[in-house]
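Remarks on the overall topology
Letter by letter, the chains look like this.
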Amino acid sequence: MAEPVLNYSPKAPAINPAPPDDRRRARAAGCPPRRLSPTVGMASETRPRPSFECIALLLQGGGALGAYQAGVYEALAEADLQPDWIAGISIGAINGALIAGNAPEARVDKLRAFWERVTAKPYCDWSERLFPAKSDAARQWLNQISANLALVSGASGFFRPRFPAPWLLPPGPIEATSAYDTSDLKVTLEQLIDFDRINTDRMRLSVGAVNVRTGNFVYFDTATRTIGPEHIMASAALPPGFPAVEIEGEHYWDGGLVSNTPLQWLVESRPHRDTLAFQVDLWSARGELPRTLAEVSTRQKEIQYSSRTRAGTTSFEYVQRLRRAMHGWELRLTGDLG
């Protein structure tokens, strides 16, 4: 199995999109953000597929940082590296479903349509016209306004605040267990994703969630079951903001509560296949000392989630070294006995 990194395989074309922090700095300096396009930068000739049995794309949870995953997929598509298997958690499950649930030529457009829909901010247009400066301070201020407005008014096509508020409701109903209603997300997913295509074995899709009652981490996988909008929503149901999603009598929350990276599911899958895996890390292990409460919150999440990713990757590398060592000894013993 190939190392689970983005651009370290000598057999794969180099793909090195700027990480989220670098992209934010580039935009703050006045550089226009890269637009998702199905044709820009495409290779003029079809490249030979790398000699792996499977190409896998691993997509983490990360909220709005998930937009970066759409850019990574665009880069893979431009390099003619279409995945055979996508495993995702939380926003990674949504992006994964958008990819698996559309024809290759439509995937970038559907990703763009989703992210433009959920990040539409009509209430912030006035602030950007009044404060057109692109400095770090101005952009951070505008971002805080946008984030606070989303807390109050929700996100178009994704979630909206409950009314009446959940703490005014009696215990028991699902409306009393979350701050937001995510029924809009179901409509968005049904509009942008062909779930019949997802379930036709053209591309394997795995999405992680956690059982609220047992606390067990589970994967909904097209290799073993039919996946619908409710499975994607379950993987992205982060409490207490979003309600648990009921599937076959059980309730599920966001898989990121247990594991934010689906690497282990890929590694432990049977039978083992020679796989080129692209693991898209949204959270940086290293960072600057926070200067504001907002930066403290961001840095806390970076440490929390990146530590899980590093632990999983380190465990995988250790197992791989053991496998290689055992294979080497097997070859030596076979040679000695022969």
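What counts as what
- Residues numbered from 1 in each chain as written.
- Predicted model: local features only at pLDDT ≥ 70, side-chain atom pairs only at ≥ 80, totals over all residues.
- Heavy atoms only, no water.
- Helix = DSSP H or I, 4+ residues; strand = E, 2+ residues; numbered from the N terminus.
- Polar contact = N/O pair within 3.5 Å; in protein donor to acceptor, adjacent residues only side chain to side chain.
- Core = buried A, V, L, I, M, F, W, Y, C linked by side-chain atoms within 4.5 Å.
- Buried < 20%, exposed > 50% of the residue type's maximum accessible area, 1.4 Å probe, protein only.
- 1 Å grid on protein atoms, 1.4 Å probe; cavity = no way out; pocket = protein on both sides within 12 Å on 5 of 7 lines; lining within 4 Å.
- Points joined across faces, edges and corners; volume = space filled by probe spheres on them.
- Nonpolar A, V, L, I, M, F, W, Y, C, P; charged D, E, K, R; others polar.

Before going further, it helps to spend a moment on the side chain of T275. Within the element layout of this structure, T275 appears in strand β9 (residues 275-280). There is a polar contact of 2.9 Å between the side chain of T275 and the backbone oxygen of R273.

Right, let's get into the nonpolar core. Core analysis: the biggest nonpolar cluster contains 57 residues, and L57, I94, F114, F158 and I232 have the highest contact counts within it. In terms of residue count, helix α3 (residues 91-100) provides more of this core than any other element does, seven residues in total. Core analysis: the second largest hydrophobic core is formed by 10 residues, C54, A56, L263 and A277 among them.

On to empty space enclosed by the protein. Applying the stated criterion to the full structure yields one cavity of 30 Å³ or more. Around the largest cavity, the lining residues are F158, T182, L185, M233, A236, A237, F242, P243 and V245. Here the lining of the largest cavity is built from residues that sort into eight nonpolar, one polar and no charged.

Take the layout of surface pockets next. In this approach the atoms are scanned with a rolling probe the size of a water molecule, which exposes any empty space left behind. One number sums up the size of the second largest pocket: a volume of about 260 Å³. Along the walls of the second largest pocket sit 15 residues, with L263, Q264, G312, S315 and F316 positioned nearest its centre. Breaking the lining of the second largest pocket down by element, the ones donating at least two residues are α10 (263-268) and α11 (293-337). Here the lining of the second largest pocket takes eight residues from α11, the largest share from any one element. Grouping the amino acids of the lining of the second largest pocket by side-chain chemistry returns four nonpolar, eight polar and three charged.

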